[in-house]
There are 2 protein chains.
Amino acid sequence: MTLFSDPAVGIADPYLRRAFALAERGRGTTSPNPLVGCVVVRDGEIVGEGFHERAGGPHAEVVALDEAGERARGGDLYVTLEPCNHFGRTPPCVDRLLADGVSSVTIGMRDPDTNVSGGGAEALEAAGVQVRFAEDPRPFEVQNEGWLTRIRLGRPFVRVKVALTLDGRPALAARRRSRITGAGGRRITMLLRSRTTAVCVGVSTVQIDDPELTVRDADEQPQGRSPQRIVLARTCVPDTRMKVVCDSGGSTLVISDAVPESALADVERAGVRVLRYAYAEGLAGALRAVATDGVNDVLVESGPSLFSALWRGRLIDELVLVTAGGMSGNAAPPLFLGQADAEGADLAPVFYAVETGLADGDAVTVWRPRV
Amino acid sequence: MTLFSDPAVGIADPYLRRAFALAERGRGTTSPNPLVGCVVVRDGEIVGEGFHERAGGPHAEVVALDEAGERARGGDLYVTLEPCNHFGRTPPCVDRLLADGVSSVTIGMRDPDTNVSGGGAEALEAAGVQVRFAEDPRPFEVQNEGWLTRIRLGRPFVRVKVALTLDGRPALAARRRSRITGAGGRRITMLLRSRTTAVCVGVSTVQIDDPELTVRDADEQPQGRSPQRIVLARTCVPDTRMKVVCDSGGSTLVISDAVPESALADVERAGVRVLRYAYAEGLAGALRAVATDGVNDVLVESGPSLFSALWRGRLIDELVLVTAGGMSGNAAPPLFLGQADAEGADLAPVFYAVETGLADGDAVTVWRPRV
C-alpha cells in the first residue's frame, strides 16, 4: 500500500493491472483472506470482472466468471493470486476455471499457503490450460503483505502512524490530549483508517484521548466503512464510558490478560468482545492473538509507551510519520523510550525512508525496516 | 531554490526559461549582486547567451550581446531581471541594449532596488523598445530570494540544514560528534553547500566537529567551488588548529563581538578575516554584519544552541530537515530549547512543508515560515 504513488505502475500487463485495481476494492474487508482481483478477457475485450470482498463470500474468479458466462469458454483469465485448488469455505476455484473452459490463466503471484502452493497452477496445466506468471510478482506481494505477514509470522502486518512536532515530540505535554498536525495530517489518518482491517490503540490512549477511531469526513460525519477497533489492554481495561466501548462507531475488540475478570466482564457486558492472551507473551503475544482472530493488518495509532514497545520488539512493518511545522520544546514527552540505534558514536539506522509527501503544510514520511 | 522539483516549470516562455537556467549558473558566486541570465534571439534562433558570474564582472546582458554581435540589431532580448539604468561597477545595461539596437526586451521580474526600479524598463520604452514582463514573476523572485532578502531585510536569506534521528534529535550525545544521516544526507549537504554563497556554523560546532565545510565528492575529494565559510563566534573564537582556520578549503570569516581582541588577533594572523559587531544586537546583528559584507544567502549547519536562537528570533527563511531511520532515545540532546509553538493544549505550527523527497534511505523535508 502506498500513499503518494501508484503501486500498479510496475505491472506491465494491462489486464493484470486491472485485476490489481479490482483487488484493491477489497482492502480492509477480506481478512483473514487475501485481496484478489480477476478479469476474464475474450477476443481482447473484458467480459467479466470480480474481486474478493469478504471471507465466506465468493472468490474473485467466481465473480468474474459469473459475469462472463458462456463468453469465458476459450477466454483468458487474469488473476492477482494463484487460484485455489482446495476446499475452504468455498469449492476450489481451479475446478470452476476448468468447468468454464478458459484457455489461459495469467497469475500475479504464487500462493505461498502450503495448502495451495503449486497446486492451482499445476492442476490447471495438467488439464491443458496455458498458465503464465507476471514477470514481477512484487506489486502483488506488496498488495497482500498483510495476508502474507499473517501467514509467515503469525501476526498481522503492523503499520504505525505517529504525529510529531518538528522537534520530534508526539504531544506537548505528557498524559494530556494535544493536537499536533493539521487538516493534512487528519486526512492522512482517515485515509490510513479507511484502508486498514483494524485500528489499534493502547488503553492509555483511550483513557487520555477518548478517540472514536472511525473514518469521518471534514465535517466529522461518518464516511464509508470504519475499521475494527482494537484496544491493547495489558493490565487494565478501558472505562465503559469511553467512546470505543459505548458509541456506535463499530465493533471493538479488547486484547487483555492480567486485568481482573470482573473488569473484563464489565466491558463485555457493554458490547465489547474480549480476547485473552498470556501476559508472559508480551506485545508479540497480543499481536498473535489478533492474527488468530483473523486480522491480516493493523494500523496502530500509538502513544510513546506502545510505540516504544513495538520499536524495541522489532514489531513495526511500516512507520508513517506525519510532521507539523512547530516546536514543542524539551518539556514535551519524547517519542521513544529506549536505547539508541547506535554504532559507536554514530546513529545506525534500522529503518529507511520509502515514500514522502506533502499534506496541507504537514509532511508525511513513510519508513520500512532495513532487512 | 528547490531540491526535488524544477522551479522553472512555471515559466511559460521558452526563452525566459532558458535565461532562468543560465542565471542559475551564477548561484553562489554573484553576491552581493543578483543572479541574472539573458538570451538574445534573432529570427527564432538564439544568437547570444550570458549570465552574471560575479560582482565586478560583466552583466548577463553584456555577455549575451557580446556573443550576438551585429545579429542583436532588431533582435529580441530576454532577461530574468530588469536591466539596470545606473552606473555601478559597470555602465548601465540599458545604454548597451539601446546601442546594440534590440527591438524588444522581455523581463522576468522588476528590479526592486530603488536605484533602478522602473528606471530600466521605462528608459527602454522611452527609446522605442518594446518591453514585456513575464506573466508570473514568482519563479524569478524565488531565484533571487537571497538578494531580495538582503535588500529588503538587511540580512542574508537564512537556510538552515539539520540532520535528525526519527525521534527528532540532532546528535546521540551532547557536545560530542556523531553522524546521524547516511550517504543520502551527505549528498544533500554537499548539494546545499554547492549552491550557497556562504556556509555558517556556530563556534561550538567548530570546536566539537572540526568540520571542513567544503564541497567534496563521495571519495572526500574537493569538488568545484566551496562556499565562503562563516563562524558565528559571539563570545569565543575557534582554536587556530581547527580546519576552518588553518586548512586550504577556502576563506573563512569570523563574526565576533565580545571576545578578547588578542584572541581575534590570533585567528586573523592565521589568515581568517574577522568582522566585529555589537554584542547587544545579538544574532540579528551578526547576520546584518554578514549582509553588510555582501553575502546574499547563508546555509547554516547548526547545533541545537544556534538553531534554537535562530528559531526563537524568527530568523529562519527555510529549514531543510534530513531525517535518518533510527532512534536516539531520550538521553540524546534536543533540537530545540525554548517555548512550544502552542495555542492552548495544541501545537500552532509556524512553518509549513513545501517540499519532500528521498535521499538513499534518509528523508528530506523542506519547511518555510507561514506568513
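Within each chain, residue numbers correspond to sequence positions counted from 1 in written order. Written order decides the labels, with chains lettered from A and ligands numbered from 1. The model is predicted, so local features are restricted to residues of pLDDT at least 70 and side-chain atom pairs to those at 80 or more, both for listing and for counting; the totals for chains, interfaces and linings are taken over all residues. To get the side-chain values, all heavy atoms of the structure are used, and hydrogens and water are removed first.

## What to know about the pattern of salt bridges
Salt bridges are counted wherever a side-chain nitrogen of Lys or Arg sits within 4 Å of a carboxyl oxygen of Asp or Glu. For the structure shown, the criterion picks out 53 salt bridges over all chains. Residue Arg42 of chain B pairs with Asp43 of chain B through a salt bridge whose shortest N-O separation is 3.9 Å. Relative accessibility decides the category of a residue: with a 1.4 Å probe and only protein chains considered, values under 20% of the type maximum give buried, values over 50% give exposed, and everything between is partly exposed. Since its relative accessible area comes to 72%, Asp43 of chain B is described here as exposed. Between Arg276 of chain B and Glu261 of chain B there is a salt bridge, with the nearest N and O atoms lying 2.7 Å from each other. Linking Arg276 of chain B in strand S10 (residues 273-276) with Glu261 of chain B in helix H10 (residues 261-269), this pair joins segments that are 15 residues apart in sequence. When salt bridges that share partners are traced, they join Glu145, Arg159, Glu318 and Arg368 of chain A into one network. Labels follow the DSSP assignment, with helices taken as runs of H or I lasting at least four residues and strands as runs of E lasting at least two, numbered in each case from the N terminus.

## Examining the interface of chain B and chain A
The contact criterion used throughout is that any non-hydrogen atoms of two residues lie within 4.5 Å. Counting residues at the interface gives 49 residues for chain B, matched by 49 residues for chain A. Values labelled buried area give the accessible surface lost by two parts on being combined, using a 1.4 Å probe and summing over both. Of the roughly 3,700 Å² buried between chain B and chain A on both sides combined, carbon and sulfur atoms contribute 65%. Ranking the residues of chain B by area buried against chain A places Leu166, Met327 and Leu347 of chain B at the top, with a combined share of 19%. Applying the counting rule to chain B against chain A returns 2 salt bridges. A salt bridge links Asp346 of chain B to Arg179 of chain A; the nearest nitrogen and oxygen atoms lie 3.7 Å apart. Two N or O atoms count as a polar contact when they lie within 3.5 Å, although within protein this holds only if one can serve as hydrogen donor and the other as acceptor, and sequence-adjacent residues are included solely when both atoms are side-chain atoms. Linking chain B to chain A there are 15 residue pairs in polar contact (both at pLDDT 80 or more). Where the side of chain B that touches chain A is concerned, the elements lending two or more residues are helix H12 (304-312), strand S12 (318-323), strand S14 (346-347), strand S15 (351-359) and strand S16 (362-369) of chain B. Among the elements that line the side of chain B that touches chain A, the one with the most residues is S15 of chain B, at 8 residues. Residue composition of the side of chain B that touches chain A, by class: 26 nonpolar, 14 polar and 9 charged. In this classification, Asp, Glu, Lys and Arg are treated as charged, Ala, Val, Leu, Ile, Met, Phe, Trp, Tyr, Cys and Pro as nonpolar, and every other residue, Gly included, as polar.

## Quick look at helix H2 (residues 60-68) of chain B
All names here are of chain B. Three or more residues of H2 are buried, namely Ala60, Glu61, Ala64, Leu65 and Ala68. All buried residues of H2 lie within an arc of 120° about the axis, which places them on one face of the element. Buried residues along H2 sit in contact with strand S1 (37-42), strand S2 (45-51), strand S3 (76-81) and helix H3 (93-100). Following H2 by one or two positions, Gly69 has its phi on the positive side, about 60°. What the arc describes is the spread of directions from the helix axis to the C-beta atoms.

## A look at the domain arrangement of chain A
Residues and elements named next belong to chain A. Taken domain by domain, chain A consists of domain 1 (14-143) and domain 2 (153-369). Just the C-alpha atoms count here: the centres of domain 1 and domain 2 sit 34 Å apart. Taken together, the contact between domain 1 and domain 2 spans 6 residues of the former and 9 residues of the latter. Among the residues domain 1 hides against domain 2, the three largest losses belong to Arg27, Gly28 and Ser31. Together they make up 69% of the total. Inspection of the region where domain 1 meets domain 2 yields 0 salt bridges. At the junction of domain 1 and domain 2, the tally comes to 4 residue pairs in polar contact (both at pLDDT 80 or more). Where each domain starts and ends comes from a domain assignment, either automatic or drawn from a database.

## Concerning the sheet that holds strand S11 (residues 297-301) of chain B
In sheet architecture, strand pairing relies on hydrogen bonds along the backbone and comes in two forms, parallel and antiparallel. Residues and elements named next belong to chain B. What the 9 strands build is an open sheet, ordered S10-S9-S8-S7-S11-S6-S12-S16-S15; its pairing is mixed. Whereas interior strands pair on both sides, the edge strands pair on one side only; in this sheet they are S10 and S15. Ignoring strand direction, the axes of neighbouring strands in this sheet form an average angle of 25°. We treat two strands as partners when DSSP finds at least two bridges between them. In terms of strand pairing, strand S9 (residues 252-256) meets S10 through 4 bridges, oriented parallel. Its bridge partner being in S10, Val254 is matched across the sheet by Val274. Its contacts with the sheet place helix H6 (residues 145-153) against strand S6 (157-164), S11 and S16, and it is angled at close to 120° to S6. Axis definition: a line fit to C-alpha positions, over the contact stretch in the case of helices; interaxial angles, taken between N-to-C directions, run 0 to 180 degrees.

## Structural notes on the side chain of Ser328 of chain B
Residue position: Ser328 of chain B is located in the loop between S12 and strand S13 (342-343). On the basis of relative accessibility, which here comes to 5%, the residue Ser328 of chain B falls in the buried class. For Ser328 of chain B, the contacting residues outside a window of four places in its chain are Ala340 of chain A together with Thr165, Asp167, Arg169, Ala171 and Leu172 of chain B.

## Structural notes on the relation of the copies chain B and chain A
A least-squares fit on C-alpha atoms brings the copies together, and the residues used are those whose pLDDT is at least 70 in both copies. With an RMSD of 0.1 Å, the fit of chain B onto chain A corresponds to turning through 180° and sliding 0.0 Å along the axis. What the superposition gives is, in effect, a two-fold axis relating one chain to the other. The rotation axis passes nearest to the C-alpha of Gly168 of chain B in chain B, at a distance of 2.0 Å. Looking at chain B, 100% of its interface residues are interface residues in chain A too, so the copies touch through the same face.

## What about the environment of Thr240 of chain A?
All names here are of chain A. One can find Thr240 in the loop between strand S8 (228-233) and helix H9 (243-246). The partly exposed category is assigned to Thr240, whose relative accessible area is 34%. Each C-alpha atom, one on Thr240 and one on Arg269, is 9.4 Å from the other, the two residues being 29 residues apart in sequence.

## Some points on the environment of Asp76 of chain A
Residues and elements named next belong to chain A. Tracing the backbone shows Asp76 in strand S3 (residues 76-81). The spacing of Asp76 and Ser104 is 28 residues in sequence and 4.8 Å in space, taken between C-alpha atoms. If we skip the residues at most four places from it in the chain, Asp76 touches Val39, Val40, Val41, Ser103 and Ser104. A polar side-chain atom of Asp76 sits 2.6 Å from a polar atom in the side chain of Ser104.

## A few points about the environment of Val274 of chain A
Residues and elements named next belong to chain A. Mapped onto the secondary structure, Val274 falls in strand S10 (residues 273-276). The class of Val274 is buried, set by a relative accessible area of 9%. Each C-alpha atom of the pair Val274 and Glu45 lies 49 Å from the other, and the pair is 229 residues apart in sequence. When sequence neighbours within four positions are dropped, the list of residues in contact with Val274 reads Val254, Leu264, Val267 and Glu268.

## Considerations on the sheet that holds strand S5 (residues 130-133) of chain A
All names here are of chain A. Spatial strand order, S2-S1-S3-S4-S5: 5 strands in an open sheet with mixed pairing. Edge strands, defined here as strands with exactly one partner in the open sheet, are strand S2 (45-51) and S5. Across the sheet, the axes of successive neighbouring strands diverge by a mean angle of 20°, strand direction being ignored. Sheet analysis places strand S4 (residues 104-109) next to S5, joined by 4 bridges and oriented parallel. Each bridged residue has a counterpart across the sheet, and for Ile107 the counterpart in S5 is Phe133.

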